[in-house]
Amino acid sequence: AATAIPFGPFNYTDSAGPRFFNTLAWPIPLVWVVTILNSRGVARLMLRPWRKVRTYGFWLIGFTVALAVMFDIALEPFAATLRHYWLWHPTRLSLTWGGAPVTNFVGWLVTALLILAFATPALIDKRQRRSANRPPDYHPLVIWLLSVTLFAVGAATRQLWPAVIYCVATGIVVAVFAVRGARW
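Remember, it's a predicted structure, so these values are computed and weren't measured experimentally.

1. A short note on helix α3 (residues 102-123)
Working step 1: Taking 1.5 Å as the rise per residue, α3 with 22 residues should run 32 Å; its terminal C-alpha atoms sit 30 Å apart, in good agreement.
Working step 2: At A117, α3 is deflected by roughly 40 degrees, the largest bend along its length, and proline P121 occurs up to four residues later in sequence.
Working step 3: Taken together, the buried positions of α3 are N104, F105, G107, W108, T111, A112, L116 and T120.
Working step 4: Turning to α3, the residues buried within the fold contact α1 (27-46), α2 (56-82), β4 (86-88), β5 (96-97) and β6 (100-101).

And the structure:
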């Protein structure tokens, strides 16, 4: 937030809550943890039929990063426009979504990738279990869909129809692929 790298220039408002070191709003690390873990859980559901493939881990990281960026695309109109948790400053690129410049989404992609590069070894279940017999865990999907639904409802109250359409379409597509993968 202080350097505008990698997300772009913005400031947190008082609506985001107290700040660490007068810079970072305290809920933001929690949002990142929830986003990464839930996106990873949803990606695991989607990729469940391919978990024995040799490149499964790389696909899991890629899908997790994509889901985290899709989550941020749904979050931005809600957080910046509706709730005013942060204010975006203009950039050289005039292309924005929910007030956020395109660089924000590239920043989410890079940051999520870096987080997963370091956290994935700790997230791998190292115990020998029969994963084929375990039922799929739908909790990450439920939390992901409830969050996107909240963003859609919030955007609808402000008549931000492109954001509503994006949230609904994303929620449907993600739910279909996750349930399909989990039941395969």
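2. Structural notes on a nonpolar patch on the surface
Working step 1: Judged by side-chain polarity, L93, L95, V102, V106, L109, V110, L114 and F118 come together as a nonpolar surface patch covering roughly 770 Å² of accessible area.
Working step 2: Of note, V110 is situated in helix α3.

3. With respect to the pattern of salt bridges
Working step 1: Taken as a whole and judged by the stated rule, the model has one salt bridge.
Working step 2: D14 is the salt-bridge partner of R19, the closest N and O atoms lying 3.2 Å from each other.

4. A closer look at the side chain of N104
Working step 1: Topologically, N104 is positioned in helix α3.
Working step 2: When residues no more than four places from it in sequence are discounted, the contact partners of N104 are F7, D72, E76 and W88.

5. Considering the environment of A152
Working step 1: For A152, the position within the fold is in helix α4 (residues 139-157).
Working step 2: Judged by its relative accessible area of 9%, A152 is buried.
Working step 3: Between the C-alpha atom of A152 and that of P77, which follows or precedes it by 75 residues, the distance is 9.2 Å.
Working step 4: With residues up to four places along the chain from it excluded, the contact list for A152 reads V164 and C167.

6. Considering the nonpolar core
Working step 1: Counting residues in hydrophobic clusters, the biggest one holds 44 residues, and the most contacted among them are V42 and W86.
Working step 2: Of all the secondary structure elements, the ones that give two or more residues to this core are β1 (10-12), α1, α2, β4, α3, α4 and α5 (161-183).
Working step 3: Among the elements that take part in this core, α2 stands out by supplying 15 residues, more than any other.

Cut-offs and rules
- Residues numbered from 1 in each chain as written.
- Predicted model: local features only at pLDDT ≥ 70, side-chain atom pairs only at ≥ 80, totals over all residues.
- Heavy atoms only, no water.
- Helix = DSSP H or I, 4+ residues; strand = E, 2+ residues; numbered from the N terminus.
- Expected span 1.5 Å × (residues − 1).
- Bend = angle between axes of the 7 residues up to and from the residue.
- Buried < 20%, exposed > 50% of the residue type's maximum accessible area, 1.4 Å probe, protein only.
- Contact = heavy atoms within 4.5 Å.
- Patch = residues over 30% accessible without salt bridge, like charges linked within 9 Å, V, L, I, M, F, W, Y side chains within 5 Å.
- Areas by Shrake-Rupley, 256 points an atom, 1.4 Å probe, with all protein chains shown as cover.
- Salt bridge = Lys/Arg side-chain N within 4 Å of Asp/Glu carboxyl O.
- Core = buried A, V, L, I, M, F, W, Y, C linked by side-chain atoms within 4.5 Å.

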